[in-house]
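Listed here are the chains, written in short residue letters.
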Amino acid sequence: METDESAVRQGPDADELALVARAVAGDRTAVGDVVLLLQDPIYRLALRMVWRPADAEDATQEILLRVVGHLGTWRGEAKLLTWAYRIGVNYLLNLKRKTSQEERQVSLDAFGEDLRDGLAEADYRGPEGELLTHEVRLNCTQAMLQCLARDERVAFVLSDIFALSSAEAAWITDSTPAAYRKRLERAKKRIGNFLTDTCGLANPQAPCRCSRRVDKALELGRIDPHRPAFAGHQVSPGGRGVAAAAQQMSTLRDAAAILGAHPDYAAPQAKIDAIAGLIDSGRFPLLN
């Protein structure tokens, strides 16, 4: 599980209230602290929803700018991060740009057939074998999520990966707890059936093995051996790396563990610097 997103629904503490009050009053240091507090969790949410880091960076920038622009409307009805998730989820669910999986309307069944095609007879033994096997696993679980409808995807991410309660996740998605639980159950059933039928991490009898997909992934250009998008991604200070995340997954073998066994990715600093520049530009009335 991604540990910094495991809070249950509750109100803000005094420090959050004071920080936002300073930011709304025009304290640019406080605004920067708000961004610093939210940037990595929001980036991880965006990454799970849009698959590719470059797209997640763009989404993160837009979400954080919306959060900063609306800080004056926050009334402490939830913790600041929970409130920011609500803004982020609304943006991501309505994003016009589609991932390649969404564009092609790839189902989990079709994705499973694709994974079976080109499986090598033996584990990959080429350069950086362990790194590239991790890259295949991380990329595959990202692609797997894209086979879910967006509302099912966000439900699975919030509850089974970020470990939020149904009540809190329902508030974030502006849904009733009952309706949210139905979406979540559909997503869990679909992902669970897929993993049982296809993924050797979840079911030792299933055909697919990450180490036997490396050659095919390299051939198709789905992973870059020189710039692995996920296995080589920067992590938050003190956060889990690739190996630690994989070790946690290996002890559980359920859907939440397998799809949640990603490093604690950090939002790229260049994008955060760009956000700081936009904030300093005077675009936001609350800071004028």
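Residues numbered from 1 in each chain as written. Predicted model: local features only at pLDDT ≥ 70, side-chain atom pairs only at ≥ 80, totals over all residues. Heavy atoms only, no water.

Looking at the overall build of the protein chain
- Per the secondary structure count, the protein chain includes 14 helices and zero strands.
- What you see in the protein chain, going N to C, is helices and strands ordered as α-α-α-α-α-α-α-α-α-α-α-α-α-α.
- For 288 residues, the compact-globule estimate of 2.2 N^0.38 gives 19 Å, and the C-alpha radius of gyration of the protein chain, at 19 Å, lies within 12% of that figure.
- By its C-alpha atoms, the protein chain is 65 × 45 × 35 Å across when sized along the principal axes. (Helix = DSSP H or I, 4+ residues; strand = E, 2+ residues; numbered from the N terminus. Rg over C-alpha atoms; globule rule 2.2 N^0.38 Å.)

Focus: helix α12 (residues 242–250)
- Looking only at α12, the buried set comprises Val242, Ala245, Ala246 and Met249. The buried residues of α12 occupy one face: seen down the axis, they fall within an arc of 100°. Exposed and facing more than 90 degrees away from the buried side of α12 are Ala243 and Gln247.
- Those residues of α12 that are buried are in contact with α7 (129–146) and α13 (255–260). (Buried < 20%, exposed > 50% of the residue type's maximum accessible area, 1.4 Å probe, protein only. Arc of directions from axis to C-beta. Contact = heavy atoms within 4.5 Å.)

With respect to the layout of surface pockets
- The volume enclosed by the largest pocket comes to roughly 720 Å³.
- Val136, Arg137, Asn139, Cys140 and Cys210 are the residues nearest the centre of the largest pocket, which is lined by 39 residues in total.
- Within the residue set of the lining of the largest pocket, elements represented by two or more residues are α5 (100–104), α6 (108–116), α7, α10 (177–198) and α12.
- With ten residues, α7 is the largest single contributor of residues to the lining of the largest pocket.
- Grouping the amino acids of the lining of the largest pocket by side-chain chemistry returns 20 nonpolar, ten polar and nine charged. (1 Å grid on protein atoms, 1.4 Å probe; cavity = no way out; pocket = protein on both sides within 12 Å on 5 of 7 lines; lining within 4 Å. Points joined across faces, edges and corners; volume = space filled by probe spheres on them. Nonpolar A, V, L, I, M, F, W, Y, C, P; charged D, E, K, R; others polar.)

Observations regarding helix α1 (residues 14–24)
- Within α1, the full set of buried residues consists of Glu16, Leu19, Val20 and Ala23. In a view along the axis of α1, the buried residues occupy a sector of 95°, so they form one face of it.
- Looking at the buried positions of α1, the neighbouring elements they touch are α2 (28–50) and α4 (80–93).
- Put simply, aspartate 13 is the residue that caps the front of α1, since its side-chain oxygen is 3.2 Å from the backbone nitrogen of aspartate 15.
- Looking one or two residues beyond α1, the residue adopting positive phi is glycine 26, at roughly 105°. (Polar contact = N/O pair within 3.5 Å; in protein donor to acceptor, adjacent residues only side chain to side chain.)

Focus on the packing of aromatic side chains
- Summed over the entire model, instances satisfying the criterion amount to four aromatic pairs.
- For the pair tryptophan 74 and tryptophan 83, a centre-to-centre distance of 6.4 Å together with 45° between the ring planes defines the contact as tilted. Note on accessibility: tryptophan 74 and tryptophan 83 belong to one class, buried.
- Between arginine 52 and the ring centre of tryptophan 51, over which it is positioned, the NZ or CZ distance is 3.9 Å.
- For the cation-ring pair, arginine 86 lies above tryptophan 171, with the distance from its terminal atom to the ring centre recorded as 4.5 Å. (Phe/Tyr/Trp six-rings, centres within 6.5 Å; stacked < 30°, edge-to-face > 60°. Lys NZ or Arg CZ within 6 Å of the ring centre and 35° of its normal.)

Things to note about the side chain of asparagine 139
- Tracing the backbone shows asparagine 139 in helix α7.
- Dropping the residues within four chain positions of it, asparagine 139 is found in contact with Trp51, Arg52, Arg222 and Phe230.

Quick look at unusual backbone geometry
- Here the phi dihedral of glutamine 105 falls at roughly 55°; this positive angle occurs in a residue that is not glycine.
- Looking at glutamine 105, the relative accessible area reads 71%, which means it is exposed.
- In the Ramachandran plot, alanine 163 falls in the positive-phi region, its phi being about 60° despite a non-glycine side chain.
- Tracing the backbone through its elements, the reader meets alanine 163 in the loop between α8 (150–161) and α9 (166–172).
- Overall, alanine 163 belongs to the partly exposed group, its relative accessible area being 28%.

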